[in-house]
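Summary of the model geometry
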Amino acid sequence: TGGGALIVDNTTNTGNTFNVGGSQVNKTTADLSGLASMNVSLNTTGGTFLVSSTSGTNSTGMASLILAGTTTVTANALTVGGGGAFNGNADQLNTLKLGATENTFNVNALNIGTGSRDFGSITVNESTGTLKVRAADGVGAAAFNMGSGSSTTAAVLASGVKNTFDVAGHDA
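Here's a quick rundown of the structure. Predicted model only: the values in this text are computed from it and were never measured.

Next up on the list: the nonpolar core. By size, the foremost hydrophobic cluster in this structure holds 26 residues, and its most contacted members are F49, L78, L96 and F105. Only β2 (15–20), β4 (37–42), β5 (47–51), β6 (62–66), β7 (70–80), β8 (94–98) and β9 (102–112) provide two or more residues apiece to this core. Once residues lying within four places of it in the same chain are set aside, the contact partners of L78 are F49, V73, L96, F105, V107, A109, L110, N111 and I122.

Two faces make up the sheet, and in a regular strand the side chains alternate between them. In terms of burial, β8 is a largely internal element, four of the five residues being buried. Bridging between β8 and strand β10 (residues 120–124) involves five bridges; their strand directions are parallel. Bridge pairing in β10 links K97 to T123.

Bringing the sheet that holds strand β3 (residues 27–31) into the picture now. Reading across from one edge, β3-β6-β8-β10-β13 is the order of the five strands in this open sheet, with parallel pairing throughout. Edge positions in the sheet fall to β3 and β13 (164–166), since each has one partner strand and no second. In this sheet, adjacent strand axes meet at a mean angle of 10 degrees when their direction is disregarded. Bridge analysis of β6 against β8 gives three bridges, and the strand direction is parallel. Across the sheet, residue I66 finds its bridge partner in β8, namely K97.

This part covers the environment of T54. Secondary-structure assignment places T54 in the loop between β5 and β6. Look at T54 and you get partly exposed, because its relative accessible area is 43%.

Attention now moves to the environment of V80. With respect to the helices and strands, the residue V80 is situated in strand β7. With relative accessibility at 0%, the residue V80 sits in the buried group. The spatial distance from the C-alpha of V80 to the C-alpha of N111 is 6.2 Å, given a sequence separation of 31 residues.

What counts and how
- Residues numbered from 1 in each chain as written.
- Predicted model: local features only at pLDDT ≥ 70, side-chain atom pairs only at ≥ 80, totals over all residues.
- Heavy atoms only, no water.
- Core = buried A, V, L, I, M, F, W, Y, C linked by side-chain atoms within 4.5 Å.
- Buried < 20%, exposed > 50% of the residue type's maximum accessible area, 1.4 Å probe, protein only.
- Helix = DSSP H or I, 4+ residues; strand = E, 2+ residues; numbered from the N terminus.
- Contact = heavy atoms within 4.5 Å.
- Pairing = 2+ DSSP bridges.
- Axes fitted to C-alpha atoms, helices over the stretch in contact; angles between N-to-C directions.

Structure, rendered in structure tokens:
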């Protein structure tokens, strides 16, 4: 990791108040691993940190985010794969890769693949790093939801596309 910091303070608004992704056809990648730190503070009752297309229509949209070395996210929810854009494409997986030093998620809900059709993955980016997940107050337990979305239409599942939470070999 290098120098610099990203600081987002948006504690008054609600909804997808920090979004890496976009419309139904965007393929968005944000690599913040070169930053020393990232601190995102959103509304703890309605703010969502989203890594996903925001579309509810099947298409090719997806998002990928690599976090800064030391990252803290405070929000109501952190969601990876919360849209409805999956259309059966082999690489259509929304991904969040953890920072190399310390990752702290103060969120009431950690959601992976909970949209109407999208898939999500949270994995490590480096051989080092830790993960701490707590409720938005920084003390209580956070809900963990994976693959709990619902769909009214189907798409053929591409090989290798699945919901994943893998921090093997790291302190979590």
